[in-house]
Number of protein chains: 2
Amino acid sequence: MINNSDIERMSQAIQLARLGQYTTRPNPNVGCVITDQNNNFIASGYHRQAGQAHAEIIALQAAAERAQNSTVYVTLEPCCHQGKTGPCAEALIAAKVKRVVFAMQDPNPLVAGNGRAALLAAGIQVDSDVCRDQAQALNRGFIKRMQTGLPWVTIKTASSLDGRTALANGCSQWITSAAARRDVHTMRARYDAIMTGIGTVLADDPRLNVRNADIEQVVQPLRVVMDPNLTMPSDAKMLGLAGQTLVFTDKNSSDIDLKLSQQCEIVPLDTHNGRFDMRTVLACLGAREINNVMVEAGSTLCGALIKHHCVDEIVHYLAPTYLGEGQPEAANKGMFNLGSLTAIDQGIGLTITDQRNIGVDVRITASISYSTK
Amino acid sequence: MINNSDIERMSQAIQLARLGQYTTRPNPNVGCVITDQNNNFIASGYHRQAGQAHAEIIALQAAAERAQNSTVYVTLEPCCHQGKTGPCAEALIAAKVKRVVFAMQDPNPLVAGNGRAALLAAGIQVDSDVCRDQAQALNRGFIKRMQTGLPWVTIKTASSLDGRTALANGCSQWITSAAARRDVHTMRARYDAIMTGIGTVLADDPRLNVRNADIEQVVQPLRVVMDPNLTMPSDAKMLGLAGQTLVFTDKNSSDIDLKLSQQCEIVPLDTHNGRFDMRTVLACLGAREINNVMVEAGSTLCGALIKHHCVDEIVHYLAPTYLGEGQPEAANKGMFNLGSLTAIDQGIGLTITDQRNIGVDVRITASISYSTK
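All figures in this text were calculated on a predicted structure; none of them were measured in a lab. (Residues numbered from 1 in each chain as written. Chains lettered and ligands numbered in written order. Predicted model: local features only at pLDDT ≥ 70, side-chain atom pairs only at ≥ 80, totals over all residues. Heavy atoms only, no water.)

## Description of the interface of chain A and chain B
Thinking step 1. Opposite the 43 residues of chain A that make contact, chain B presents 43 residues.
Thinking step 2. Taking both partners together, chain A and chain B bury about 3,600 Å²; carbon and sulfur atoms supply 59% of that area.
Thinking step 3. Contact with chain B buries surface across chain A, with Leu161, Tyr322 and Ile344 of chain A losing the most and accounting together for 22% of the total.
Thinking step 4. At the junction of chain A and chain B, the tally comes to 2 salt bridges.
Thinking step 5. One salt bridge in this structure joins Arg164 of chain A and Glu325 of chain B, with 3.1 Å as the shortest N-O distance. (Contact = heavy atoms within 4.5 Å. Buried area = accessible area lost by both parts, 1.4 Å probe. Salt bridge = Lys/Arg side-chain N within 4 Å of Asp/Glu carboxyl O.)

## Some details on the pairing of strand 2 (residues 41-46) of chain B
All names here are of chain B.
Thinking step 1. Judged from the 5 bridges that link them, strand 1 (residues 31-35) and strand 2 form a sheet pairing that is antiparallel. Counted as the bridge partner of Val33 is Ser44 from strand 2.
Thinking step 2. Connecting strand 1 to the next strand, strand 2, in antiparallel fashion are 5 residues, including Asn39 with a positive phi near 70°. (Pairing = 2+ DSSP bridges. Helix = DSSP H or I, 4+ residues; strand = E, 2+ residues; numbered from the N terminus.)

## What to know about the relation of the copies chain A and chain B
Thinking step 1. Expressed as a screw transformation, the operator carrying chain A onto chain B has a rotation angle of 180° and an axial translation of 0.0 Å, and the superposed copies differ by an RMSD of 0.0 Å. Classification of the inter-copy transformation places it as that of a two-fold axis. Taking the C-alpha atom as reference, chain A places Gly163 of chain A closest to the rotation axis, 2.2 Å from it.
Thinking step 2. Taken together, the interface assignments show that 100% of the residues at the interface of chain A recur at the interface of chain B, consistent with an identical surface on both copies. (Least-squares fit on C-alpha atoms with pLDDT ≥ 70 in both.)

## Regarding the pattern of salt bridges
Thinking step 1. Overall, the coordinates contain 30 salt bridges over all chains when judged by the stated rule.
Thinking step 2. Between Glu296 of chain A and Lys156 of chain A there is a salt bridge whose closest N-O contact spans 3.5 Å. With a gap of 140 residues between them, Glu296 of chain A in the loop between strand 13 (292-295) and helix 11 (299-307) and Lys156 of chain A in strand 6 (residues 152-160) connect regions that are remote in the sequence. Both residues of the pair, Glu296 of chain A and Lys156 of chain A, belong to the buried class.
Thinking step 3. Taking the shortest distance from any N to any O, the salt bridge between Asp192 of chain B and Arg25 of chain B comes out at 3.2 Å. On the criterion of sequence distance, the pair formed by Asp192 of chain B in the loop between helix 7 (178-189) and strand 7 (193-197) and Arg25 of chain B in the loop between helix 1 (4-18) and strand 1 is long-range, its members being 167 residues apart. (Buried < 20%, exposed > 50% of the residue type's maximum accessible area, 1.4 Å probe, protein only.)

By themselves, these observations are geometric and do not establish any function.
Here you go:
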């Protein structure tokens, strides 16, 4: 039986899990709270970094012998396989806890339910699905990768209220306010990788790292550049920064610059008409344990990702300005190349999930409805 | 001395004034509440329609002899000139009221302050500026016309989240939801005139009237079409509807279709390179006692109005969809032709004054900052 105290304690565990959101990659964020039979707090813990102890282990260590007959709230089904650290189900059994409540099942289909089964077999009472949606939201990238092999993909984009991202002359700095740009840095810190196209690198020479974010321990996301013809300059700003850069290029690209190859990893892939199969690219990143990718790119790469149903979410900063169309022969730049549509309902349908002001800008978060129209 | 009861009673008067918002044109919206010396309600009234009694007169009639020694709250300075109905200041003096509180001064610079002076001269206590901002907001069009001769101009526009208003093939129905379209009809009912360009008439044959709005008494706004070459079809839908249509055309336009001239008023004006001077057009409408104009037009007319600093407000419905750019040779349609910009800060700066969801769409209301950059 689930009661209100269970929900309260699990909410606490989720808040703890969230403390690991900038550092646990490629592991999921997990939090744990242990209480006695009268629901009094005994101990808590959260997973801080891959290779370090899991949330349950940290909490059990803090509880020591008080763990006996306790209730353990944990946001993810306790593991029962030997990872880098010992299996948590075994530790819970050894500690003689009375009851385990978890929020979501292990998303890995190969082991899902095994933790529960091990606990039940040891006579421990098990309840689950408490605050499941919140726990899943926190680990949506990890879940998607476990279930599909592909990372979660979010396009971050910024435009004027009339959907222009740059002027005809390439000028785009700064459409949005300093507050929105700070918000983007905090967003980057939650992603395992930031993807862009070579066009953006050549035009803007972006750094794509986390700066100006009020985060204690920054793990710089992997920078990913889509560069079929391998024209990445070896003096690109991002190559001189902390963190790694990965450049996808056509497998027939010759003349790999020695200096470039020392500064980043170059991954050759098939292309078709000069274009990558974006699902293959994402599968490559998934195989490297990238749970989520933030795309900050121009209309060609963003459009290709959208058209090929690779995008889970869009975060769109709208600045309170109109830039207009420019001239027919030198048009201001739009957001997405989606090809020719012949009816409005062929547009990319969105479901707005969050909408708020960031400084003077409006930030809209939306999921894409890939319905089969 | 102004106290909280004054603010409460004036707020009531403003709510009453608002009841006339669909019907008083070209007059302002005015409400009135009369209370006794202990602030007990005696009577109220509001101006309902031009030619009918003013708010104070209706309230005084309802109060009859109880008006003596009362306090009269009225949202606009009582008039002291003979209009279609007798001067209100005189009626207040005759009724022997003790105190008059008004929200805003008469915006007509020729008579502003005269009402107050007449009341003071008769020994009536006068306070003003109570809830002034709210009263002014309600009559912003009337105020602007009184002070500048020009109507208030609001552009209403609807686009996808990437600022596209139509596909390359002209298709634009329907980008926004039924809820947003209903909202537009309620908005139209608050305007004296709806302006569009001949391009929109030829492409969409819009009706531009008020439909599907939950309004008891609809006074159809004047429809205004900018048509330099007088290509308005005599079978345009709007010409067959209740209400009037005004067509501005070049003064050298010849061959005025007899049938067309019977269905609408044709106003010849100077043009320059086939374009009207929009300030002259607005002055024409102001001279016809049009207090406010809602523009529902394509990017050329909207862009010209914005560039020439003719726009007070923009109401922008954003639909949760992306339509993309289309192809270079057949681009999807954007919002505003503003010419070539060379720096982002040459964009049209907006101050968002309201932002809300209308059905699945986002409605943003913004004023334009015509700063001199």
